[in-house]
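Inside the fold
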Amino acid sequence: MNRLLAALAAVALLWAALAAAQSTATPDAAKGEQIAKQVCAACHAADGNSAIAANPKLAGQIPEYLHKQLVNFKPEGGKKAERESAVMAGMVASLSNGDMRNVAAYYASQKLRPAAAGSKELAAQGQKLWRGGNAASGLPACAGCHGPDGAGIPSQFPRLSGQFAEYVEAQLKLFRASGRANDPNGMMRGVAARMSDQEIRAVAEYAAGLR
């Protein structure tokens, strides 16, 4: 448990350094809006409030996190993308790093229309895990990185409050199966590996209802 917490702290410092290195130019949200409406709106909506649970809500998301994900979807130097998705690879193929930063800034500036928890019972279970983890399995509290209100701590950890429960559940299961591996130092893979299906569903449900 202590090792995992230490790893989380180290990753936070690393992401902060990467974010600082990437912020040499101020993103242009207006340019990002143009790209978003042309490239992204069909799946994520023009304002980032996707209506389909398979496509995450991007409105109000942390810009550094959005930028990182866009970069990770793009294969570089003949290597596979860090985060594999045939659909997203096609979407980012023609975007420059500046374009991706602009899109991230635009969606981050939009107001989130949050999803809602569908099960009070599951959300109550998720609340306990979110706030206190599971000492028996060595699962750390989600709030340690994503904040008590799900807003993300520090800025490199994504906002999860109001996100579709189905999407959060799918991503946690992907991390657990190593089907998604763009988490620095395997941080989220290590966390998800300690979670049962029931715990994943409960945390996802609670996150959807967080405000």
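Here, every reference points to the structure presented above.
The following paragraphs examine the structure supplied in this document. (Residues numbered from 1 in each chain as written. Predicted model: local features only at pLDDT ≥ 70, side-chain atom pairs only at ≥ 80, totals over all residues. Heavy atoms only, no water.)

Turning to the packing of helix H2 (residues 29-44) against helix H5 (residues 97-108), a few remarks are in order. As a packed pair, H2 and H5 sit with axes 8 Å apart at the nearest point and diverge in direction by 80°. On the basis of the axis angle, H2 is roughly perpendicular to H5. Along the contact surface, H2 presents Ala29, Lys31, Gly32, Glu33, Ile35, Ala36, Cys40, Ala41 and His44, while H5 presents Asp99, Asn102, Val103, Ala105, Tyr106 and Tyr107. Its residues assigned to classes, the contact of H2 with H5 shows nine nonpolar, three polar and three charged. (Axes fitted to C-alpha atoms, helices over the stretch in contact; angles between N-to-C directions. Helix = DSSP H or I, 4+ residues; strand = E, 2+ residues; numbered from the N terminus. Parallel < 35°, antiparallel > 145°, perpendicular 65-115°, else oblique. Contact = heavy atoms within 4.5 Å. Nonpolar A, V, L, I, M, F, W, Y, C, P; charged D, E, K, R; others polar.)

This part covers the packing of helix H6 (residues 120-132) against helix H10 (residues 197-209). Where H6 contacts H10, the two axes come as close as 7 Å, and the packing angle between them is 95°. Comparing the axis directions of H6 and H10 gives the class roughly perpendicular. On H10, the residues touching Leu122, Ala123, Gln125, Gly126, Gln127, Leu129, Trp130 and Arg131 of H6 are Gln198, Glu199, Arg201, Ala202, Val203, Glu205, Tyr206 and Ala207. Considering only residue class, the contact of H6 with H10 consists of eight nonpolar, four polar and four charged.

Below, the discussion takes up unusual backbone geometry. Here the phi dihedral of Ala45 falls at roughly 75°; this positive angle occurs in a residue that is not glycine. Within the fold, Ala45 resides in the loop between H2 and helix H3 (63-73). Look at Ser178: it is not a glycine, yet its phi comes out positive at around 60°. With respect to the helices and strands, Ser178 occurs in the loop between helix H8 (165-176) and helix H9 (187-192). Taking relative accessible area as the criterion, Ser178 reaches 46% and is therefore assigned partly exposed. (Buried < 20%, exposed > 50% of the residue type's maximum accessible area, 1.4 Å probe, protein only.)

Within the structure shown, the criterion is met by one cavity of 30 Å³ or more. If you add up the space inside the largest cavity, you get close to 50 Å³. Lining the largest cavity, in full, are Lys57, Ala59, Gly60, Gln61, Leu112, Arg159, Ser161, Gly162 and Gln163. In the lining of the largest cavity, the residues fall into two nonpolar, five polar and two charged. (1 Å grid on protein atoms, 1.4 Å probe; cavity = no way out; pocket = protein on both sides within 12 Å on 5 of 7 lines; lining within 4 Å. Points joined across faces, edges and corners; volume = space filled by probe spheres on them.)

Moving on to the pattern of salt bridges. As enumerated under the stated definition, the model contains six salt bridges in all. The closest approach of N and O atoms between Glu84 and Lys80, which form a salt bridge, is 3.4 Å. Its relative accessible area of 55% is what places Glu84 among the exposed residues. With a closest N to O distance of 2.8 Å, Arg189 and Asp183 form a salt bridge. For Asp183, a relative accessible area of 5% corresponds to the buried category. (Salt bridge = Lys/Arg side-chain N within 4 Å of Asp/Glu carboxyl O.)

Here the focus is the environment of Val103. Inspection of the secondary structure puts Val103 in helix H5. Along the backbone, Val103 and His67 are 36 residues apart, and their C-alpha atoms lie at a distance of 7.9 Å. Those residues in contact with Val103 that lie beyond four places of it in its chain are Gly32, Ile35, Ala36, Cys40 and Leu70.

With that settled, consider the nonpolar core. Here is a general trend for soluble globular proteins: nonpolar side chains tend to be buried in one another's company. One finds Trp130, Leu172, Met195 and Val203 to be the most contacted residues of the largest nonpolar core, which totals 23 residues. When residues of this core are traced back to their parent elements, those giving at least two are H6, H8, H9 and H10. Of all hydrophobic cores here, the second largest spans 15 residues; its members include Ile35, Phe73, Met88 and Val92. (Core = buried A, V, L, I, M, F, W, Y, C linked by side-chain atoms within 4.5 Å.)

Looking at where Lys57 falls in the secondary structure, it is placed in the loop between H2 and H3. A distance of 3.4 Å separates a polar side-chain atom of Lys57 from the backbone oxygen of Ser50. Leaving out residues up to four positions away in the same chain, Lys57 has contacts with Gly48, Asn49, Ser50, Leu112, Arg113, Pro114, Ala115, Gly162, Gln163 and Phe164. (Polar contact = N/O pair within 3.5 Å; in protein donor to acceptor, adjacent residues only side chain to side chain.)

Before going further, it helps to spend a moment on H8. Relative to the 16 Å expected for twelve residues at 1.5 Å per residue, H8 spans 16 Å between its end C-alpha atoms, a close match to the ideal helical length. If you follow the buried residues of H8, they end up packed against H9 and H10. (Expected span 1.5 Å × (residues − 1).)

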